[in-house]
Amino acid sequence: MIKVLIADNHPIVRMGVINVLESASGFEVLDDVSTTSELFEKLKDVSPDVVMLEMDIPEINGIATLRKVKKEYPNVKVLMYSGQSEDVYALSTIRAGAFGYLSKASDIDYIISAVRKVAEGNMFITNELAQRLAFDEGTQKPRRFFRKLSTREVEVLKMLASGKRNKDVAIGLNLNEKTVSTYKARLMKKLNVDNMVDLLQQAKALELY
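Fair warning: this is a prediction, and the values are worked out from it, not measured in the lab. (Residues numbered from 1 in each chain as written. Predicted model: local features only at pLDDT ≥ 70, side-chain atom pairs only at ≥ 80, totals over all residues. Heavy atoms only, no water.)

Attention now goes to the packing of aromatic side chains. To describe a pair of aromatic rings, you give the distance between the ring centres and the angle between the ring planes. Within the structure shown, the criterion is met by one aromatic pair. Aromatic pair Tyr110 and Phe124: ring centres 5.9 Å apart, planes at 65°, arrangement edge-to-face. Separated by 14 residues along the polypeptide, Tyr110 in helix H5 (residues 108-119) and Phe124 in the loop between H5 and helix H6 (127-133) bring together distant segments of the chain. Classification of Tyr110 as partly exposed rests on a relative accessible area of 26%. Above the face of the Phe40 ring, Lys68 is positioned so that its terminal group lies 4.4 Å from the ring centre. (Phe/Tyr/Trp six-rings, centres within 6.5 Å; stacked < 30°, edge-to-face > 60°. Helix = DSSP H or I, 4+ residues; strand = E, 2+ residues; numbered from the N terminus. Buried < 20%, exposed > 50% of the residue type's maximum accessible area, 1.4 Å probe, protein only. Lys NZ or Arg CZ within 6 Å of the ring centre and 35° of its normal.)

Spatially, five strands are ordered S2-S1-S3-S4-S5 in an open sheet, and the strand pairing comes out parallel. Looking at the sheet topology across the chains shown, the edges are occupied by strand S2 (27-33) and strand S5 (100-103). Here the strands of the sheet are splayed against their neighbours by 25° on average, with no regard to which way each runs. Strand direction decides the pairing type here: strand S1 (residues 2-7) and strand S3 (residues 50-54), joined by four bridges, are parallel. In the strand pairing of S3, Leu5 is matched with Val51. (Pairing = 2+ DSSP bridges. Axes fitted to C-alpha atoms, helices over the stretch in contact; angles between N-to-C directions.)

Once that is clear, we can look at the confidence of the model for the protein chain. Residue-level pLDDT values for the protein chain average 83, and 82% of them are 70 or greater. Per-element confidence in the protein chain is highest for S1, whose mean pLDDT is 96, and lowest for strand S7 (residues 141-142), whose mean pLDDT is 49. (pLDDT = per-residue confidence, 0-100.)

Position of Ser82 relative to the elements: it lies in strand S4 (residues 77-82). What makes Ser82 buried here is its relative accessible area of 0%.

Okay, the pairing of S2 next. Every regular strand shows the same layout, with side chains that alternate between the two sheet faces. One ladder, built from six bridges, connects S1 with S2; its direction is parallel. Each bridged residue has a counterpart across the sheet, and for Lys3 the counterpart in S2 is Glu28. For the segment spanning S1, helix H1 (residues 11-23) and S2, crossover handedness is right-handed. (Right-handed = clockwise from strand over helix to strand, strands pointing away.)

Bringing unusual backbone geometry into the picture now. Positioned with a positive phi, Glu59 is a non-glycine residue whose angle comes to about 85°. Within the secondary structure layout, Glu59 lies in the loop between S3 and helix H3 (62-72). In this structure Glu59 comes out as exposed when scored by relative accessible area, which is 56%. With phi around 55°, Asn174 is a residue other than glycine that occupies positive phi space. Along the chain, the position of Asn174 falls in the loop between helix H8 (166-173) and helix H9 (177-190).

Written out as structure tokens, the structure is:
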């Protein structure tokens, strides 16, 4: 059961998110709060897997709140969400330690998949946002965008990107071929793709190798 705490100063939004999560299996909404002071008081009493934090929550701004949660409750994963444009806040929230960013304009299904992915310790952003984040319109150059990939996953990704087959990767990294397949599956999951072509395109766009 994924335990969720919702922090948003709009009662109707909180109610809507609660209804979406509780209509799906595997979620328990521990509580909902409307200010940052309420959030930190609540975190003294409950231990959520995921905090859904609204960017414009009153008192302390969303980024500062995110950093404080990460410092005081390092095991709690934060999914930021906002009615503001993804382009404006997404990159800064990810850099500040959020496990994902969700626009309030996203489809309802994204809420469920985002919370699940973040609870598992994976990064969540939409594919469309990943492409936009990877390209800086000001300099017309790709941006450096760090995903939560392990050193070994990056090594496997680099070899796959160079055209190596699973067997060659296994030999090159002194791994079992089945283990390479496992790493490949993890990479696809973390990069939110389901085939090798998209995996390599996504990784290249995000400058992960």
